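Understanding the architecture of this molecule
So the chains spell out like this:
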Amino acid sequence: MSSINSVASFNAHKESPTYVTQPYLPPLSEFIPYLAEIWESKILTNGGPFHQQLEKALCEYLGVPHISLFANGTLALVTALQALRITGEVITTPYSFVATAHSLLWNGIKPVFVDIDRTTMNMDAKKIEEAITAQTTAIMSVHCYGRPCDVDAIQKIADNYNLRVIYDAAHAFGVSDAGGSLLRHGDLSILSFHATKVFNTFEGGAIISPDAKTKMRIDHLKNFGFVDETSVVAAGINGKMSEINAAFGMLQLKHIHLAISRRREIDALYRSLLAHVEGIHCLENIEGSITNCSYFPILVKPKCLVSRDDLYRHLKKYNIFARRYFYPLISEFSMYRGFPSARRENLPVATEVANQVLCLPIYPDMSDELVVSVASVINDCIRDASSTVQNVA
Ligand SMILES: Cc1ncc(COP(=O)(O)O)c(C=O)c1O
């Protein structure tokens, strides 16, 4: 790509910003009949018809036995911990969105951070055992960017130490491994259907349960603990998904296949365009997994002539808003910094990756032309830095 191309792309795109993602929205006309049904029934929430339809449809689409819909993924995480009566300490990753660890603090649980693995970007299973204490009751791991954790190793440790496993699968909608849905692993998995996610219901989330009894407990917990008109069996919360969100989910499901296919095309295009850019590393897919291409993270390695932050700022000048997911690490925020496991020496890989990562824009409506523009701005930025170095030398 030449600088002239970069300037052209800048001129073409400076008026309209390119964000790291753009929510997928089916044509509005397709949503109107769903709204008409809600207006007709006057059932707006509390497990109405669309809520029931979406639970059933998602079980089929995802290949999971039981699902409980939630108002968002954070409430699903908080409730999953309640459902399994988790207390004490929970082993988790610092390399995630803050909601992962916040859900522990909301339950009065102490997070214990473990470093991540350089290949998966997820908790390094080899480091878990040394973090277990007499207070440890569970492991909360994240399938970061929808990349599968080392589920077998984690389950083995959990079995040996009698720990529960909760997967924050907020990024892993529709991801599978050799044995089927990634969501089948652990005691519970949670999903987020936030606007930025592969499958969105504006706001929304879910818990995947392995059996009907666990689902029933979760369904009580998300509805204040009510089991019938007059009985409350637990200090539950209001985590219910509304009919509007559930109806939108039904419509989204009709388009999800195309939306994910387009993400895969964009992922492949970025990979080909960035393959030979010095110092830029695209994460390889994890063998045996079918990914949803929810994010396109690159690592800006030390040998790159431009730092990650300079590249991030340079893209901004072109109205391209890449994001440094996940920088800062959760363990760097003030409410976590004081925990012994939050020390940087304990988290060398996560600290390094957080300083190198940049998530590039990826969303179903992104044109090939725009993908080429983003790649060419990156390419030119690095090439210009290289010629400056040569001129100085
Ligand atoms: C890894 C992770 N966990 C949890 C959440 C929280 O989900 P929600 O925004 O639906 O509450 C998010 C993102 O939004 C996330 O990225």
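See above for the structure.
Not measured: the values here are computed from a predicted model.

**Re unusual backbone geometry**
In this structure, Phe326 follows Tyr325 across a cis peptide bond, with omega equal to 10 degrees. Look at the link from Tyr327 to Pro328: it is a cis peptide, with omega at -5 degrees. Here the phi dihedral of Asn162 falls at roughly 55 degrees; this positive angle occurs in a residue that is not glycine. For Asn162, the location among the structural elements is in the loop between helix H6 (151-161) and strand E6 (164-168). By relative accessible area, which is 69% here, Asn162 ends up exposed. A positive phi is found at Cys293, a non-glycine position, where the angle reads about 50 degrees.

**Things to note about the sheet that holds strand E12 (residues 296-300)**
The three strands lie next to each other as E11-E12-E14, forming an open sheet whose pairing is antiparallel. Both edges of this open sheet fall to strand E11 (280-282) and strand E14 (357-360), since each of them pairs with a single strand only. Pairs of neighbouring strands in the sheet enclose a mean axial angle of 35 degrees, with direction left out of account. Strand contacts of helix H8 (residues 243-274): E11, E12 and E14, with the helix running at about 20 degrees to E12, the strand carrying the most contacts. Helix H11 (residues 348-356) contacts E12 and E14 of the sheet and is inclined by roughly 45 degrees relative to E14.

Reading guide: rules and limits
Residues numbered from 1 in each chain as written. Predicted model: local features only at pLDDT ≥ 70, side-chain atom pairs only at ≥ 80, totals over all residues. Heavy atoms only, no water. Helix = DSSP H or I, 4+ residues; strand = E, 2+ residues; numbered from the N terminus. Buried < 20%, exposed > 50% of the residue type's maximum accessible area, 1.4 Å probe, protein only. Pairing = 2+ DSSP bridges. Axes fitted to C-alpha atoms, helices over the stretch in contact; angles between N-to-C directions. Contact = heavy atoms within 4.5 Å.

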